Amino acid sequence: MKEKAYYENINIKNEVNLRKLLASLPPFCKQFFIAMEGTTSSRTRIAYAYDIGCFFDYLHTVNPICGKMEISEFPITLLDEITPMDIEEYLSYLKYYEKDGVEHTNAERGLKRKLSALRSFYHYYYKHDLIQNDPTMKVEMPKIHDKNIVRLDVDEVATLLDEVESGENLTDRQRKYHEKTRTRDLAMMTLMLGTGIRVSECVGLDLEDVDFKNNGVKVHRKGGAEVVVYFGEEVRSALLDYMVERQKITAADGSTNALFLSMQNKRIHVRSVENLVKKYAKLVTSLKHITPHKLRSTYGTSLYRETGDIYLVASVLGHQDVNTTRKHYAALEDDKRRSAAKAVKLREV
């Protein structure tokens, strides 16, 4: 039997999880998710199902009438009974609440995401004349305060890769594993730093996705698109070294096509890559919390500084909207504008 592609397995798992979530929601919700199928990924639909489920959980918890019914019994007419004030109270509740003995918190971004999901949900039923009112449009979207983007400086990148290669500052126990994973770890870290691909795109790579003739890797973007991302000589060298080792490994069933393998010879997981990035980064900087996404930010920063082309950065990083890229690298644009002050001399001194 032909081995399923990594992303096929991910989509199947997501679809199973989505069906479980939908089974706990009111039946009328199903049509909303069917309508979303053509424009969203299964992962996105799971996020929507979770966020909308939080809203119905809240109603079931705080509303005496809703508390007498199972959530799966909620009628669509309930949506018309919700007021803008109810939505505002819900957002306030989300900042801190407990469920099944577990504490939950939501900061600005979490609140914005949940209100956005609720707006899309309400808009669908209002647009199709299934409800008479849309209270979500009368609720202000939470203001997001921009955070500084954490990234590695040029010297920190070089030091990080040196540490991955040497393992000099690792503990004795870590060094034993490092001897077996050094070439793989260096290839992964160099690839992410040298292309800006997401950690999910990295672990999803298959052997045939690497094209050494053209120095490119075929990655599966969010939303399903496949694109080729090109790499330089440093990445090529690290990948070639790893390929020599990879060809000698007999991968476990279900992972024979995987490029990067775990110690168990299975396709490496996202969490494992996150942990190894954290492990090596701690040796380089104790002041910055470095994750695989921060490696992506580091690449984007370097590319923008070298080219000044925000559209190129957006294309390579796979941002569908260039404004997303512009927002992330606005500080660099400000640096360029500041340099203009020194570029023009009015009178020679």
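Please refer to the structure placed before this passage.
Residues numbered from 1 in each chain as written. Predicted model: local features only at pLDDT ≥ 70, side-chain atom pairs only at ≥ 80, totals over all residues. Heavy atoms only, no water.

K.L.:
Lay out the overall build of the protein chain in plain terms, naming residues and giving numbers.
P.N.:
Assigned secondary structure in the protein chain consists of 16 helices and five strands. When burial is assessed residue by residue, the protein chain has 40% of its 349 residues classed as buried. Residue pairs in contact within the protein chain that sit at least 24 positions apart in sequence constitute 59% of those at least 6 positions apart. For the protein chain, the exposed surface amounts to about 21,000 Å²; the carbon and sulfur share of it is 50%. (Helix = DSSP H or I, 4+ residues; strand = E, 2+ residues; numbered from the N terminus. Buried < 20%, exposed > 50% of the residue type's maximum accessible area, 1.4 Å probe, protein only. Contact = heavy atoms within 4.5 Å. Areas by Shrake-Rupley, 256 points an atom, 1.4 Å probe, with all protein chains shown as cover.)

K.L.:
So what's going on with the environment of Leu 276? Residues and values would help.
P.N.:
Note on placement: Leu 276 falls in helix H12 (residues 270-282). Sequence separation of Leu 276 and Asp 185 is 91 residues, and the distance between their C-alpha atoms is 7.9 Å.

K.L.:
Pulling in residues and values, what's your account of the pairing of strand E4 (residues 216-220)?
P.N.:
Alignment of strand E3 (residues 210-211) against E4, held across two bridges, turns out to be antiparallel. Paired with Val 210 across the two strands is Val 217, which belongs to E4. Following E3, the chain reverses through four residues before pairing antiparallel with E4; Asn 215 in that reversal takes a positive phi of roughly 55°. Relative to strand E5 (residues 226-230), E4 is paired through five bridges, and the arrangement is antiparallel. (Pairing = 2+ DSSP bridges.)

K.L.:
I'd love a proper account of the pattern of salt bridges, names of residues and values included.
P.N.:
With the rule as written, the count across this model stands at 11 salt bridges. Glu 201 serves as the salt-bridge partner of Arg 221, at 2.9 Å between the closest nitrogen and oxygen. Pair noted here: Arg 221 is in the loop between E4 and E5 and Glu 201 is in helix H10 (residues 199-203), with a separation of 20 residues, a long-range link. Neither Arg 221 nor Glu 201 differs from the other in exposure class; each is buried. Taking the shortest distance from any N to any O, the salt bridge between Arg 271 and Glu 274 comes out at 3.3 Å. Highlighted residues: Arg 271 and Glu 274, both in helix H12, separated by three residues, approximately one helical turn. (Salt bridge = Lys/Arg side-chain N within 4 Å of Asp/Glu carboxyl O.)

K.L.:
Go over the sheet that holds E5 with me, naming the residues and quoting the values.
P.N.:
As summarised here, the arrangement of the three strands in space is E3-E4-E5, forming an open sheet in which the pairing is antiparallel. A single partner strand is all that each edge strand has here, and the edge strands are E3 and E5.

K.L.:
Give me the environment of Thr 307: which residues, what numbers.
P.N.:
On the secondary structure map, Thr 307 appears in helix H13 (residues 292-307). Each C-alpha atom of the pair Thr 307 and Asn 106 lies 37 Å from the other, and the pair is 201 residues apart in sequence. A polar contact of 2.8 Å, which involves the side chain of Thr 307, links it to the backbone oxygen of Leu 303. (Polar contact = N/O pair within 3.5 Å; in protein donor to acceptor, adjacent residues only side chain to side chain.)

K.L.:
Could you give me a rundown of the packing of helix H1 (residues 6-23) against helix H3 (residues 42-62), with the residues and numbers involved?
P.N.:
The geometry of H1 relative to H3 is characterised by a closest axis approach of 9 Å and an angle of 20° between their N-to-C directions. Between H1 and H3, the crossing angle belongs to the class labelled roughly parallel. In terms of crossing hand, the pair formed by H1 and H3 is left-handed. Seen from H1, the contacting residues are Asn 11, Asn 14, Glu 15, Asn 17, Leu 18 and Leu 21; seen from H3, they are Ser 42, Arg 43, Arg 45, Ile 46, Ala 49 and Tyr 50. (Axes fitted to C-alpha atoms, helices over the stretch in contact; angles between N-to-C directions. Parallel < 35°, antiparallel > 145°, perpendicular 65-115°, else oblique. Left-handed = near helix turned anticlockwise from the far one by under 90°.)

K.L.:
Explain a negative patch on the surface residue by residue, including any values.
P.N.:
A surface patch of like charges, here negative, comprises Asp 162, Glu 165, Asp 241 and Glu 245. Only helix H8 (154-166) and helix H11 (233-246) provide two or more residues apiece to the negative patch. Mapped onto the fold, Asp 241 is located in helix H11. (Patch = residues over 30% accessible without salt bridge, like charges linked within 9 Å, V, L, I, M, F, W, Y side chains within 5 Å. Lys, Arg positive; Asp, Glu negative; His and termini not counted. Charge placed at Lys NZ, Arg CZ, Asp CG, Glu CD.)

K.L.:
Please give an account of the environment of Asn 265 that cites residues and values.
P.N.:
Tracing the chain through its elements places Asn 265 in the loop between H11 and H12. For the pair Asn 265 and Arg 246, spaced 19 residues apart in the sequence, the C-alpha separation amounts to 9.9 Å. Once you skip the residues sitting within four places of it in the chain, Asn 265 turns out to touch Ile 249, Thr 250, Ala 251, Ala 252 and Ser 255.

K.L.:
Lay out H3 in plain terms, naming residues and giving numbers.
P.N.:
The periodicity of an α-helix, 3.6 residues per turn, causes residues three or four positions apart to be oriented the same way. Taking 1.5 Å of rise per residue, 21 residues should cover 30 Å, and H3 covers 30 Å from first to last C-alpha, within 8% of that figure. Along H3, the positions that sit buried rather than exposed are Ser 42, Arg 45, Ile 46, Ala 49, Asp 51, Ile 52, Gly 53, Cys 54, Phe 55, Phe 56, Tyr 58 and Leu 59. (Expected span 1.5 Å × (residues − 1).)

K.L.:
I'd like to hear about the packing of aromatic side chains, residue by residue, with values.
P.N.:
Two descriptors summarise a pair of aromatic rings, namely the distance from one centre to the other and the angle between the planes of the rings. In total, this model carries 20 aromatic pairs according to the counting rule given. Both rings, one in Tyr 6 and one in Tyr 7, keep their centres 4.9 Å apart while their planes meet at 80°; by these two values the pair is edge-to-face. Across the pair, exposure class does not vary: Tyr 6 and Tyr 7 are buried alike. The side chain of Lys 279 reaches across the aromatic face of Tyr 280, ending 4.7 Å from its centre. (Phe/Tyr/Trp six-rings, centres within 6.5 Å; stacked < 30°, edge-to-face > 60°. Lys NZ or Arg CZ within 6 Å of the ring centre and 35° of its normal.)

K.L.:
Got a sec to walk through the nonpolar core? Specific residues and values, please.
P.N.:
Membership of the largest hydrophobic core comes to 40 residues, with the highest contact counts inside it found for Met 189, Leu 239, Phe 260 and Leu 295. Elements with a minimum of two residues in this core: H1, H8, helix H9 (172-195), H10, E4, H11 and H12. When residues of this core are assigned to their parent elements, the largest contribution, seven residues, is made by H9. Core analysis: the second largest hydrophobic core is formed by 35 residues, Phe 28, Tyr 90, Ile 131 and Val 139 among them. (Core = buried A, V, L, I, M, F, W, Y, C linked by side-chain atoms within 4.5 Å.)

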